[in-house]
Amino acid sequence: MHVFRPLLRHSLLNLFAAALALAALLAPRAADAEAVLLIEADSGKVLQADNATIPWYPASVTKIMTAYVTLKAVKDGKITLDTMFTVSPTAASQSPSKMGFRPGTQLTVDNALKMMMVKSANDMAVVLAEGVGGSIDGFSAMMNQTAQKLGMTQTSYVNPNGLPADGQITSARDLGILARAFLRDLPEYEYFVHIPAIRFGKRITPNFNKLIGRYPGADGFKTGFICASGYNLVASATRNGRRLIAVVLGANSGTARAVKAAQLLERGFSQDNLSWLRPSLGAVENLVPVDAAPPNLREEMCGGHRKRPASDDDDAMIATSAGPTGSTSATGGEAQVTFFTAGLQPPLMKASDLMASAAAPVEPVPVYTGPTRTGAALIAAVAADADQQATPKARGKKSRVAARKPDAADNPKDGNKDAWKGARTAAAKPDAKPNAKGESKGDAKTAAKPAGTKHAAAKPDASKPAEKPVASGDQAAKPAKPKAATKPKPAPNNS
């Protein structure tokens, strides 16, 4: 008997070491790295949750709640999709990404929603907030009341667009609850969360959610980015009648968040035969919130190490896109789970290759200013917006010089990607510049200082020498020579 004791002790030590190694593999990542969540849309069942209850800055995924509150008002008969709202000076002063309409411009709730959800237009979010709630503060109160009613206990809002603010907080858990509520309560309006592209005049803007048109069955929701939050994405997909919702917060690029979401969804769709092997995580509402401050990823996302200003429309592929599925830079903790179950399930698709491919061709949805139009009137409205965008092209040399001055003066303050990158394309494609840019620019400092207002105020001054109406799109409609746009050094801003 004594002979076997050393062997037994050695075996127990090996088992203990193996248990510790397995626990390390399955442990959630650090709070400052990434938060992920995968749930079933119908039941709310949690399929995977890493740091899902760590507080996080939502950035423009805030606009899911803005759309929810607005569409609930439509469904309750308080307004209609044809109701006209007016662009206020406050709305016009918001930081890019935005449509850039002048104060006094009117448009329908329907068009404002489409612009907000596809282009992530910060000015349209304020237009809807002021139209539905009377003011930003009034609408924010409605957002907070709705969040509490839905059980989003970790969420608070102070604005409708997700621009940087200390009180703008959520979690992957709460975003999963919100996405479920949207699908459950507003099934007739879920079209707004998966529009592949919009066309305003001559400008076509694809959806920043790279899964739309690429990942099989992708049908929602919304992206977001500010420096403090990293790259966020709430995504949904349906396959064989089963709908899943994936939430990714704090990814290191726009492509990385899409790759991670695609891999989460793919894993969820292939889990049916293995569910008995995994412990039940319960419903999303039962995840226990963590009492902590949200991580601030500003230095990691927008520090001096980045070669160009970060923005929500980040087309840079992750460095490991050609590497094996499960690379930590693309998938975070997923590589560990893949290792653990590698022999138990089919290999995952190469999501990075899928995200790098071109989206399926679609006909962009036309959006326009003014009242609801159909048929010939709609064609005329779209043509009128296109003519306004083309107006600067016909201006004389002096007018072009005058139109360029505000950009030269304002861009050093903005330091945004539109000015930094637009110089390369403005001469050849003046109308395409705003479409490939990120979401909300400007950090917490610019939110506190009226930098956006100064920029908005500078634009009408630039148009005075020409005495012609400026295009109702954003500042990209003004032609600018590369020299004027490339002088300022780009300062990394939130977007």
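To be clear, the structure that these remarks concern was listed above.
Each residue is numbered by its place in its chain's sequence as written, counting from 1. Confidence filtering applies because this is a predicted model: local features only for residues at pLDDT of at least 70, side-chain atom pairs given and counted only at 80 or more, and all residues used for totals across whole chains, interfaces and linings. No hydrogens and no water enter the side-chain calculation; it runs on all heavy atoms of the structure.

1. A look at the packing of helix α2 (residues 62–75) against helix α4 (residues 109–119)
For step 1, the next point in the chain: Interaxial angle, 0 to 180 degrees, is taken between N-to-C directions of lines fitted to C-alpha atoms, where a helix line uses only the stretch in contact. A run of H or I in DSSP counts as a helix once it spans at least four residues, and a run of E counts as a strand once it spans at least two, with each numbered from the N terminus. Two elements in contact, α2 and α4, have axes whose closest approach is 10 Å; the angle formed by their N-to-C orientations is 165 degrees. In this view, α2 runs roughly antiparallel relative to α4, as classed from their interaxial angle. Two packed elements cross with a definite hand, and for α2 against α4 that hand is left-handed. Residues K63, T66, A67, T70 and L71 of α2 form the contact with α4, whose own contacting residues are V109, L113, M116 and M117.
For step 2, the next point in the chain: Gly is placed with the polar residues, together with every amino acid not listed as nonpolar (Ala, Val, Leu, Ile, Met, Phe, Trp, Tyr, Cys and Pro) or charged (Asp, Glu, Lys and Arg). Of the residues that constitute the contact of α2 with α4, the class distribution is six nonpolar, two polar and one charged. An angle below 35 degrees is read as roughly parallel, one above 145 as roughly antiparallel, one from 65 to 115 as roughly perpendicular, and any other as oblique. A clockwise turn of the near helix away from the far one marks a right-handed crossing, whereas an anticlockwise turn of less than a right angle marks a left-handed crossing. Any two residues whose heavy atoms approach within 4.5 Å are treated as being in contact.

2. Some points on the pattern of salt bridges
Between side chains of opposite charge, a pair can form as their charged atoms come close.
For step 1, the next point in the chain: For this analysis, a salt bridge means a side-chain nitrogen from Lys or Arg found within 4 Å of a carboxyl oxygen belonging to Asp or Glu. One pass over the full model with this rule turns up ten salt bridges.
For step 2, the next point in the chain: In this structure, R184 engages D185 in a salt bridge whose closest nitrogen and oxygen atoms are separated by 2.9 Å.
For step 3, the next point in the chain: Accessibility expressed as a relative area gives 19% for D185, which makes it buried.
For step 4, the next point in the chain: The shortest N-O distance in the salt bridge between R243 and E190 comes to 3.0 Å. Residue R243 is found in strand β9 (residues 242–251), and its partner E190 is found in the loop between α7 (172–185) and β5 (197–200); the two are separated by 53 residues along the sequence. In terms of burial, R243 and E190 fall into one category: buried.
For step 5, the next point in the chain: Members of the salt-bridge network, linked through shared partners, are E190, D219 and R243. Throughout this description, buried means an accessible area under 20% of the type-specific maximum (1.4 Å probe, protein chains only), exposed means over 50%, and partly exposed covers the range between.

3. Quick notes on the nonpolar core
For step 1, the next point in the chain: Among the nonpolar cores identified, the biggest contains 97 residues, and M65 and M124 are the most heavily contacted of them.
For step 2, the next point in the chain: Not counting chain neighbours up to four residues away, the residues in contact with M124 comprise V87, M99, F101, L107, A112, M115 and M116. Think of a nonpolar core as a cluster: buried Ala, Val, Leu, Ile, Met, Phe, Trp, Tyr and Cys residues, connected wherever their side-chain atoms sit within 4.5 Å.

4. A closer look at the environment of R199
For step 1, the next point in the chain: Note on placement: R199 falls in strand β5.
For step 2, the next point in the chain: The class for R199 is partly exposed, based on a relative accessible area of 21%.
For step 3, the next point in the chain: The spacing of R199 and M115 is 84 residues in sequence and 9.4 Å in space, taken between C-alpha atoms.
For step 4, the next point in the chain: For R199, the contacting residues outside a window of four places in its chain are I204, E363, P364, V365, P366, V367 and V382.

5. What to know about the sheet that holds strand β8 (residues 230–239)
For step 1, the next point in the chain: Any two strands with at least two DSSP bridges between them are considered paired. Here five strands make up an open sheet; going across it, the order is β2-β1-β9-β8-β7 and the pairing antiparallel. The open sheet is flanked by β2 (46–50) and β7 (218–226), the only strands paired with a single partner. When the angles between neighbouring strand axes are averaged without regard to direction, this sheet yields 5 degrees.
For step 2, the next point in the chain: Sheet topology places β8 next to β9; eight bridges connect them, and they run antiparallel. The residue of β9 that forms the bridge with A235 is A246.
For step 3, the next point in the chain: The strands touched by helix α8 (residues 254–269) within the sheet are β1 (35–40), β2, β7, β8 and β9, with β9 carrying the most contacts at an inclination of about 145 degrees.

6. Structural notes on unusual backbone geometry
For step 1, the next point in the chain: A cis amide bond links P96 to the next residue, S97, at an omega of 5 degrees.
For step 2, the next point in the chain: If you trace the backbone, S97 turns up in the loop between α3 (89–92) and β4 (106–108).
For step 3, the next point in the chain: Residues G220 and F221 are joined by a peptide bond in cis, for which omega reads 5 degrees.
For step 4, the next point in the chain: Its place among the elements puts F221 in strand β7.
For step 5, the next point in the chain: Despite not being glycine, N51 has its phi angle at roughly 60 degrees, a positive value.
For step 6, the next point in the chain: In this structure N51 comes out as buried when scored by relative accessible area, which is 12%.
For step 7, the next point in the chain: Located in the positive-phi region is A59, a residue other than glycine, with phi close to 55 degrees.
For step 8, the next point in the chain: Within the secondary structure, A59 sits in the loop between β2 and α2.
For step 9, the next point in the chain: Take A59: its relative accessible area is 0%, and that puts it in the buried class.

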